[in-house]
Amino acid sequence: MRCRRCKDKAVIYLERHNAAFCENCFLHYYYNQVDKNIKREKMFKKGEKILVVVSGGKDSMALWDVLNKNGYDVTAMYINLGIGDYSNRSQEIVENYAKERKLPLIIKNIKEEYGLEIGKISKKLKRSPCSICGTIKRYLFNKVALDGGFTAVATGHNLDDEAATLLGNTLSWQEGYLARQAPVLQSTHPKLVKKVKPLFTLTERENLSYIIFNGIKFIHDECPHAEGASSILYKEVLNKLEEESPGTKQRFLINFLEKGRKHFQDVREELDLKECKICGQVTTTEICSFCRLVEISKEL
Ligand code: FES
Ligand code: ZN
């Protein structure tokens, strides 16, 4: 097979685009896709300070790398969630990447800084570790971005993640979530920072290829808590559909964003946003859910 762009020998075939690329032309395609997404969706501009959250996995490492190479002003943030060996190994990968390239990196450690242990809280509250982890991450993304004067928080969500989330939300008609599923989540309060997903049109496989072609190290394992999560099942189902009919995932997501999402706009309830009595971050209750977790942890 020959590369669509330069006619050299191809190393990757992208079925949904019916296009094959050599290594160089694939990277060219990848850089362009990310830049197009950022511009078309008005995510941010050159010169604005962007906080990119990295986990050490292929998607966020690819995002960090591509934003740097495309000349954006990015600082990375890694959150050590205290998930045993998985957290320590991923922190090491992220730190080495930043050190080798002399890039700014903020490290947060939830146990050392806030006394939070996801396993213990999950047992006490009988809530899944992932939902607690989600609360903690969302809080820190916003807090660190706000304190550091960043314009936007960028995450490595890819096409597979977004399509799986959309499938899950559609199966149970979660109107509120459907209204909010978008590549850009605008700020709705002066203390809430905009969230963006520059990789939302790129697949897991494309991010992995980007990482491999660039020789970037990443953590291969998934978080151990992800095992059995419904998002994994949704991804498998979508992969089956994709095999039969390439382009299904992209059509599902992009057509929803273009044609479906607007029908859910009026479900967006106006939330009564306040500032947390303890930390001052935005919340809908007197004390935010993060500060409540910190309080609970003191009793454990
Ligand atoms: Fe949050 Fe696994 S990364 S529970
Ligand atoms: Zn708070």
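Our subject is the structure listed above.
Scope of this entry: the structure provided in the associated data block. (Residues numbered from 1 in each chain as written. Chains lettered and ligands numbered in written order. Predicted model: local features only at pLDDT ≥ 70, side-chain atom pairs only at ≥ 80, totals over all residues. Heavy atoms only, no water.)

## Concerning helix α12 (residues 289-298)
Move 1: Those residues of α12 not exposed but buried are Phe290, Cys291, Leu293, Val294, Ile296 and Ser297.
Move 2: Residues of α12 that are buried in the fold lie against α4 (110-114), α5 (118-125) and α6 (129-147). (Buried < 20%, exposed > 50% of the residue type's maximum accessible area, 1.4 Å probe, protein only. Helix = DSSP H or I, 4+ residues; strand = E, 2+ residues; numbered from the N terminus. Contact = heavy atoms within 4.5 Å.)

## Considering the coordination of the zinc ion (ligand 2)
Move 1: Around the zinc ion (ligand 2), the protein contributes the donor atoms Cys276 (SG), Cys279 (SG), Cys288 (SG) and Cys291 (SG), which lie 2.3 to 2.4 Å from the metal centre.
Move 2: Considering all 4 donor atoms around the zinc ion (ligand 2), angles at the metal cover 105 to 116° and the coordination shape is tetrahedral.
Move 3: One chain supplies every donor for the zinc ion (ligand 2), spaced along it as C-x2-C-x8-C-x2-C. In this pair, Cys279 sits in the loop between β9 (274-275) and β10 (282-283) while Cys291 sits in helix α12, placing the two residues 12 residues apart along the sequence.
Move 4: Given a relative accessible area of 6%, Cys291 falls into the buried group. (Donors = N, O, S within 2.8 Å, 3.2 Å for Na, K, Ca; no water. Tetrahedral: all angles 85-135°; square planar, octahedral: opposite > 155°, others 65-115°.)

## Considering the packing of α6 against α12
Between two packed helices, the angle of one axis relative to the other and the distance separating the axes together describe the packing.
Move 1: Where α6 meets α12, the closest approach of the two axes is 9 Å, and the angle between their N-to-C directions is 120°. In terms of orientation, α6 and α12 fall into the oblique class. Crossing of α6 against α12: the hand is left-handed. Of the residues in α12, those in contact with Ile132, Thr135, Ile136, Tyr139 and Leu140 of α6 are Ser289, Phe290 and Leu293. (Axes fitted to C-alpha atoms, helices over the stretch in contact; angles between N-to-C directions. Parallel < 35°, antiparallel > 145°, perpendicular 65-115°, else oblique. Left-handed = near helix turned anticlockwise from the far one by under 90°.)

## Examining the packing of aromatic side chains
Move 1: Applying the stated criterion across every chain, the model contains 12 aromatic pairs.
Move 2: When the centroid spacing of 5.8 Å and the interplanar angle of 40° are considered together, the rings of Phe26 and Tyr29 count as tilted. Here Phe26 pairs with Tyr29, and both are found in helix α1 (residues 23-40), just 3 residues apart, close to one helical turn.
Move 3: With a relative accessible area of 0%, Phe26 lands in the buried category.
Move 4: Plain terms: the ring middles of Tyr31 and Tyr210 are 5.9 Å apart, the flat faces sit at 90° to each other, and that makes the pair edge-to-face. Linking Tyr31 in helix α1 with Tyr210 in helix α9 (residues 204-213), this pair joins segments that are 179 residues apart in sequence. (Phe/Tyr/Trp six-rings, centres within 6.5 Å; stacked < 30°, edge-to-face > 60°.)

## A look at empty space enclosed by the protein
Rolled over the atoms, a probe with the dimensions of a water molecule shows which regions are left empty.
Move 1: Overall, the coordinates contain 1 cavity of 30 Å³ or more when judged by the stated rule.
Move 2: There is about 30 Å³ of room inside the largest cavity.
Move 3: As for the largest cavity, its lining consists of Glu162, Gln181, Ala182, Pro183, Phe200, Leu253 and Leu257.
Move 4: Tallied by class, the residues present in the lining of the largest cavity amount to 5 nonpolar, 1 polar and 1 charged. (1 Å grid on protein atoms, 1.4 Å probe; cavity = no way out; pocket = protein on both sides within 12 Å on 5 of 7 lines; lining within 4 Å. Points joined across faces, edges and corners; volume = space filled by probe spheres on them. Nonpolar A, V, L, I, M, F, W, Y, C, P; charged D, E, K, R; others polar.)

## Focus on the side chain of Asn207
Move 1: Checked against the element boundaries, Asn207 lands in helix α9.
Move 2: According to the relative accessible area criterion, Asn207 is buried, its value standing at 0%.
Move 3: There is a polar contact of 2.7 Å between the side chain of Asn207 and the side chain of Tyr30.
Move 4: Leave out the neighbours within four places in its chain, and Asn207 touches Tyr30, Asp59, Ala62, Asn158, Leu199 and Leu202. (Polar contact = N/O pair within 3.5 Å; in protein donor to acceptor, adjacent residues only side chain to side chain.)

## Digging into the pairing of strand β3 (residues 49-54)
Move 1: Of all 6 residues that make up β3, 5 are buried, and the element is covered over most of its length.
Move 2: Alignment of β3 against strand β4 (residues 73-80), held across 6 bridges, turns out to be parallel. Counterpart to Val53 in the pairing with β4 is Met77.
Move 3: Once you follow β3 into helix α2 (residues 58-69) and on to β4, the crossover reads as right-handed.
Move 4: Pairing geometry for β3 and strand β6 (residues 152-154), over 3 bridges, is parallel. Following the sheet pairing, Leu51 is matched in β6 by Val153. (Pairing = 2+ DSSP bridges. Right-handed = clockwise from strand over helix to strand, strands pointing away.)

## Observations concerning the layout of surface pockets
Move 1: Each pocket or cavity is described by its volume, and for the second largest pocket that value is around 370 Å³.
Move 2: Forming the boundary of the second largest pocket are 17 residues, of which Thr203, Arg205, Asn239, Glu242 and Lys249 lie nearest the centre.
Move 3: Partitioning the lining of the second largest pocket into residue classes produces 4 nonpolar, 3 polar and 10 charged.

## Some details on the pairing of strand β5 (residues 105-109)
Move 1: In this structure, β4 lies alongside β5, joined through 5 bridges in parallel fashion. Of the residues in β5, the one forming a bridge with Asn80 is Asn109.
Move 2: In this fold, β4 hands off to helix α3 (residues 84-101), which returns the chain to β5; that crossover is right-handed.

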